[in-house]
Amino acid sequence: MRLSVNNTQFNLAALADTLLNPQLSFDQRCSALDDFAAHCAAVTGITPDRTFSAWAEDSVLTSGVAINPAAAAFCIKDYQRTLQFIAGIQAALCALDQRLPARPIRVLYAGCGPFATLLLPLLSQWSEGRLDCHLLDIHAQSLHSVQALVADCQLEAINLSYHCADACHWSSAERFDLIIAETLQKALEQEPQWAVTANLSRLLKPQGIFIPEQITLNLWAAHWDQEQRYSQRQDPADLPALVDEFERHFLHCAVQLRADTVLLQRPIADPRALVAQVVDLGQFSVADSIPAHRFDLIVATTLHIYADIHLHEYDCDLTRSYKFYDWSPLAPGQSFRVYYELGLYPRVRIDRLDRG
């Protein structure tokens, strides 16, 4: 079923039904996302674009990079990522619907981009007045685009507010039942997810839900070349399958980023860093049982979106592994300290410890 024909009104309800139906094939749901992306581009004039010329228009913030509207629109093409986030958000809304029957559910969507991809399809599933939605993005073009899509889909009756600001610093007197913030790359590099989580966690109501619920970065001794070949497979694979297929040695859980604990991980001054502050993520040593010069140091990213909905390794671009070239290959007995650098280019940094 095509969801729009000849620029007629887009069937948003049919889109949501398709995306949320686990009985349909992955290809069917991807096709529905492609239809939605094409319609959004026709309405807004913003075409999903991952080329260098698109990324060159990103905004460099004090806490990381905010990708530009065309690049943000392209995230819809990372299909498993999009489908899992939409499923998680719908599940969270259903849980809040049961918990809060007497008043509207207050939703904040930070970094919504030009299509509000993770929320807009779901608005057709909720009755008028049930949701009070706030869309936050630093790019005015993205917010204007979403407004055009809301009008095109005849969603003006939905209570929607728009805020053009940096999510790392934006504040509000309001508190929210659900906060959605998907402003990250693999290994929490480049984009400001840490700073956004730390800032917006203050705006979450008690018992509220922050999506994603947790981002985990684990450090492994692994065979990088083999894992890159593995990642080219078409079928998503979870961590147990990966561990079964390749020899890996766990080294350290570097990050478990959660809204309810992020403020406990206080940044410290670090004169060696290119930025003013870092978060100390602990240290680890390479066990003597790990063969010398055979393994690379990699970081693996996984996302717990909500409840039992996850993104495992290699499910999507966000969860591809990342190699630390400076410390590969590893040698037994080496010791390292791990930091997360905050600032213009957020990233995990690993320092070799002086064993003298």
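The structure this text deals with has already been given above.
The sections below set out a description of the structure shown in this document. (Residues numbered from 1 in each chain as written. Predicted model: local features only at pLDDT ≥ 70, side-chain atom pairs only at ≥ 80, totals over all residues. Heavy atoms only, no water.)

1. Considerations on empty space enclosed by the protein
Scanning the model with the defined rule gives one cavity of 30 Å³ or more in all. Space inside the largest cavity adds up to approximately 30 Å³. The wall of the largest cavity is formed by Ala-116, Leu-119, Leu-120, Leu-123, Leu-135, Val-146, Val-150 and Leu-160. Across the lining of the largest cavity, the residue classes break down as eight nonpolar, no polar and no charged. (1 Å grid on protein atoms, 1.4 Å probe; cavity = no way out; pocket = protein on both sides within 12 Å on 5 of 7 lines; lining within 4 Å. Points joined across faces, edges and corners; volume = space filled by probe spheres on them. Nonpolar A, V, L, I, M, F, W, Y, C, P; charged D, E, K, R; others polar.)

2. Looking at the layout of surface pockets
The gaps of empty space that remain are located by a probe, the size of a water molecule, rolled over the atoms. Estimated volume of the largest pocket: approximately 750 Å³. What lines the largest pocket is a set of 45 residues, among which Ile-67, Ala-72, Cys-75, Arg-81 and Glu-191 lie closest to the centre. Looking at the lining of the largest pocket, the elements with two or more residues in it are strand S2 (64–66), helix H4 (69–74), helix H5 (79–99), strand S3 (105–110) and strand S4 (131–137). If you tally residues by element for the lining of the largest pocket, the top one is H4, at three residues. Partitioned by chemical class, the residues of the lining of the largest pocket number 24 nonpolar, nine polar and twelve charged. (Helix = DSSP H or I, 4+ residues; strand = E, 2+ residues; numbered from the N terminus.)

3. As for unusual backbone geometry
In this structure, the amide linkage connecting Ile-211 to the following residue, Pro-212, adopts the cis form with an omega of 5°. By the secondary structure assignment, Pro-212 is in the loop between strand S7 (204–211) and strand S8 (214–222). Here the amide bond leading from Ser-328 into Pro-329 is cis, since omega sits at 0°, within 30 degrees of zero. Mapped onto the elements of the fold, Pro-329 is located in the loop between strand S14 (322–323) and strand S15 (335–342). Its identity as a non-glycine residue notwithstanding, Ala-307 has a phi of 55°, on the positive side. Tracing the backbone through its elements, the reader meets Ala-307 in the loop between strand S12 (296–306) and strand S13 (309–311). For Ala-307, a relative accessible area of 42% puts it in the partly exposed group. Unusually for a residue other than glycine, Tyr-314 sits at a positive phi of about 70°. Mapped onto the elements of the fold, Tyr-314 is located in the loop between S13 and S14. Look at Tyr-314 and you get buried, because its relative accessible area is 8%. (Buried < 20%, exposed > 50% of the residue type's maximum accessible area, 1.4 Å probe, protein only.)

4. Some thoughts on the pattern of salt bridges
Once their charged atoms are close, side chains differing in charge can pair, the charge on each being opposite to the other. Overall, the coordinates contain 17 salt bridges when judged by the stated rule. With its nearest N and O atoms 3.1 Å apart, the salt bridge here joins Arg-337 to Asp-280. With a gap of 57 residues between them, Arg-337 in strand S15 and Asp-280 in strand S11 (residues 277–285) connect regions that are remote in the sequence. Using a relative accessible area of 35% as the deciding quantity, one classes Asp-280 as partly exposed. Three or more residues joined by partner-sharing salt bridges are found here, namely Glu-341, Arg-347, Arg-349 and Asp-351. (Salt bridge = Lys/Arg side-chain N within 4 Å of Asp/Glu carboxyl O.)

5. Quick notes on the sheet that holds S3
Here five strands make up an open sheet; going across it, the order is S5-S4-S3-S6-S7 and the pairing parallel. Of all the strands in the sheet, the pair left with one neighbour each is strand S5 (159–164) and S7. With strand direction ignored, the average angle separating the axes of adjacent strands in the sheet is 20°. Relative to S7, strand S6 (residues 176–181) runs parallel, the two sharing four bridges. (Pairing = 2+ DSSP bridges. Axes fitted to C-alpha atoms, helices over the stretch in contact; angles between N-to-C directions.)

6. A word on the packing of aromatic side chains
Counted under the stated rule, the structure contains seven aromatic pairs. Arranged with centres 5.5 Å apart and planes meeting at 50°, the rings of Phe-10 and Phe-36 form a pair that is tilted. One end of the pair, Phe-10, is in the segment before helix H1 (12–19); the other, Phe-36, is in helix H2 (residues 26–44), with 26 residues separating them in the sequence. Given a relative accessible area of 1%, Phe-36 falls into the buried group. Aromatic side chains Trp-220 and Phe-250 sit 5.4 Å apart centroid to centroid with 80° between the ring planes, which places their arrangement in the edge-to-face category. Residue Trp-220 is located in strand S8, and its partner Phe-250 is located in strand S9 (residues 249–257); the two are separated by 30 residues in the primary sequence. On the basis of relative accessibility, which here comes to 10%, the residue Trp-220 falls in the buried class. Ring pairing ties together the aromatic residues Phe-284, Trp-327 and Phe-336, which thus form one cluster. (Phe/Tyr/Trp six-rings, centres within 6.5 Å; stacked < 30°, edge-to-face > 60°.)

7. Observations regarding the side chain of Ser-145
When you line up the elements, Ser-145 lands in helix H6 (residues 140–152). For Ser-145, the contacting residues outside a window of four places in its chain are Thr-44, Ile-46, Pro-114 and Phe-115. (Contact = heavy atoms within 4.5 Å.)

8. Observations concerning the sheet that holds strand S10 (residues 268–269)
Strand order in the open sheet made by the four strands is S10-S11-S15-S16, with antiparallel pairing throughout. Strands with a single pairing partner mark the edges of an open sheet, and in this sheet they are S10 and strand S16 (347–352). Relative to S16, S15 runs antiparallel, the two being bridged by six bridges. Paired with Val-338 across the two strands is Ile-350, which belongs to S16.

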